[in-house]
Amino acid sequence: MMLWTWIADTLRSYPELAIFLALALGFWIGSWKLGGFSLGAVTGTLLAGVVIGQLGIDISPQIKSIFFIMFLFAVGFGVGPQFVRGVASDGLPQAVFAVVISCLCLLSVYVASLLAGYGPGLATGLLAGSQTISASIGLATDALNRMGESAAVIQAELDQIPVAYAVTYLFGTVGTGWIIAFLGPKLLGINIQAECQRYEKEMAVGEPDEGIESAWHQFAMRAFRLHQAGIIAGKTVGVAQGEYGSAERLVLERLQRNGKTIDFDDNTMLEVGDVLVVSGPHEALIAWSNHAEEVADKDLLNIPMERVDVIVTQKNVDGRTLIELSKERFARGVYVHRIRRGSMGVDIPVQAQTKLQRGDIVTISGGKKHVQAVAVAVGYADRPTSVTDMVLLGSGIVLGGLIGAIVIPVGGVPITLSTSGGALISGLIFGWLRSFTPKLGSVPSATVWFMNSVGLNVFIAVVGISAGPTFIAGLQQIGVEMFLWGLFATGVPMILAPLIGKYIFRFDPAINLGCCGGARTSTASVAMVAEVAKSNVPMLGYTVPYAVSNTLLTLWGMVIVLLIGI
């Protein structure tokens, strides 16, 4: 008992320890799985914070403000390329769809709050939980603090937010996944697996018999000595690579002349006595073997290989299909393993008709020379680094915060994005700029993860710890009623979304449900759709709606407070 008292007193005296305890317990609780469902780190951290908060721990509100603004900048930075693309290019229908569904989500919460008589605190918690958008709590908190009411009134509203959030989050997560993955195909009247198979066949049009991978892959490598003039010797490298089957994508990897390896380009003239290392399909190499002497030289055949992630930034690549790009000279000698898109890094199909977009991360392998050629032509190689450009990070947050701090009175009501909302917008702009200007600065994926995950969860931990003493009473008072309103706020937009996508936006059935999951920023639900469909085709409809809705649903935290008032 004395040990427990000492621990409690220590946590009260050093609240920073309470925050880290809430993080440790929260991530642990969030990792528990029941079937395919888990609470997730955010809900786990909130619950851990509430329990720890029963000790009556005082924490400076500045801590959650610092971590929340960092989190929002990271959110914007991650979704910037897809957000701008969706607004400005061929992703526009999906972007508009996301706006419509986001507005439906806000409307359902607003209607439920009016009918139930909820104040801004409960309305915010209902929004954050039923739409599983924890980030909205931060902007709602900023808006509440600017309402001009007494500190006691504001605190009472703030204490109700985590109660409503915890009650409605469970169905917000599980219900969304169930509606989209299982009820969605029935609403659309489709067999989602068959639709995805049909879509994949359409995307595969034009690819080689061996599959799109063969168009990028060096199958074998051999060394040849040129012993006869006029066949291969006496021709340029560019011409020789096209001899005996240019369709098979022969690649000259290395050129040795007079015992020395020399540099070459497409205009280099080949000579009798040259030893060449050539890669390509077996059939093309056999054709070469009829006109040159094959040699066995382990050192010469030891070509440095590399596997690297390339971030697409070049305008002339944006929107082009893989099969088109595979015919470019720079694509020789490399192999495409994987394509990831969006801040969540979702995998999209590697098919002939898959179109690359700025911001995509394409994993390729091949000889270092060829990998570098692709990196230069497509964007830049994102090689692992642990160094973050703090000039970019710090200045981006400050600039956004300064813009967000501007207050514009409208009808006597102070309207502002707040420093947090400004940081979100700044992140969008800087993330978009870096998608085609990589020299702007380096923010490694590990840093973005830390800012996203830890930033948000520190904020949630402080919210839970601060609300701990009043949480149980609030749960007893509104628990069942709030849960039922959560069913309404979650279910209505998600039932309407597939129908809106089908009849108004005319989305392809294979990606419709992916668009719905993205518009609700529910990665778990789209993963469930992909599992049911046995295909990752639905992910093609996920990224643009996710980028738009992730921004709007976060901003709705401020809007719902202004709509409800105190």
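Residues numbered from 1 in each chain as written. Predicted model: local features only at pLDDT ≥ 70, side-chain atom pairs only at ≥ 80, totals over all residues. Heavy atoms only, no water.

Side note on the pattern of salt bridges
- Using the criterion set out here, one finds 12 salt bridges in the structure.
- Across the salt bridge formed by R12 and D9, the nearest N and O atoms sit 2.8 Å from each other. Pair noted here: R12 and D9 are both in helix α1 (residues 2-13), with a separation of three residues, about one helical turn.
- By relative accessible area, R12 is classed as partly exposed at 37%.
- E324 is paired through a salt bridge with R320; the nearest N and O atoms lie 3.9 Å apart.
- What makes R320 partly exposed here is its relative accessible area of 23%.
- One salt-bridge network, held together by shared partners, links E195, R198, E202 and D508. (Salt bridge = Lys/Arg side-chain N within 4 Å of Asp/Glu carboxyl O. Helix = DSSP H or I, 4+ residues; strand = E, 2+ residues; numbered from the N terminus. Buried < 20%, exposed > 50% of the residue type's maximum accessible area, 1.4 Å probe, protein only.)

Thoughts on the packing of aromatic side chains
- Following the criterion strictly, the structure yields 11 aromatic pairs and no others.
- In this structure an aromatic cluster arises from ring pairing among F68, F71 and F459. (Phe/Tyr/Trp six-rings, centres within 6.5 Å; stacked < 30°, edge-to-face > 60°.)

What about the packing of helix α8 (residues 151-188) against helix α19 (residues 523-533)?
- At a minimum axis distance of 8 Å, the contact between α8 and α19 shows a crossing angle of 30 degrees. As far as their axial angle goes, α19 and α8 are roughly parallel. As α8 packs across α19, the resulting crossing turns out to be right-handed. Contact residues: α8 offers T176, G177, W178, I180, A181 and F182, while α19 offers S525, M528, V529 and V532.
- Grouping the constituent residues of the contact of α8 with α19 by class yields seven nonpolar, three polar and no charged. (Axes fitted to C-alpha atoms, helices over the stretch in contact; angles between N-to-C directions. Parallel < 35°, antiparallel > 145°, perpendicular 65-115°, else oblique. Left-handed = near helix turned anticlockwise from the far one by under 90°. Contact = heavy atoms within 4.5 Å. Nonpolar A, V, L, I, M, F, W, Y, C, P; charged D, E, K, R; others polar.)

Considering α19
- Those residues of α19 that fall on the buried side of the exposure criterion are S525, V526, V529, A530 and A533. All buried residues of α19 project into a common sector of 145 degrees when viewed along the axis, lining one side.
- Tucked inside the fold, the buried residues of α19 contact α8, α9 (192-203) and α18 (509-519).
- Downstream of α19 by one or two residues, K534 has phi in the positive range, about 55 degrees. (Arc of directions from axis to C-beta.)

Description of the domain arrangement of the protein chain
- Domain annotation for the protein chain reports domain 1 (16-29 + 37-198 + 388-564), domain 2 (228-291) and domain 3 (306-382).
- Centre-to-centre separation of domain 2 and domain 3, based on C-alpha positions: 26 Å.
- Taken residue by residue, the interface counts nine residues in domain 2 and nine residues in domain 3.
- In this assembly, domain 2 and domain 3 are joined by zero salt bridges.
- At the level of elements, α10 (237-242) and β2 (251-257) are the ones that each hand at least two residues to the side of domain 2 that touches domain 3.
- By residue number, the principal contributor to the side of domain 2 that touches domain 3 is β2, which donates three residues.
- Its residues placed into classes, the side of domain 2 that touches domain 3 shows four nonpolar, two polar and three charged. (Domains from an automatic or database assignment.)

Regarding the environment of P15
- As for its position among the elements, P15 is in helix α2 (residues 15-30).
- Distance in space between the C-alpha atoms of P15 and I59 is 6.1 Å, their sequence separation being 44 residues.

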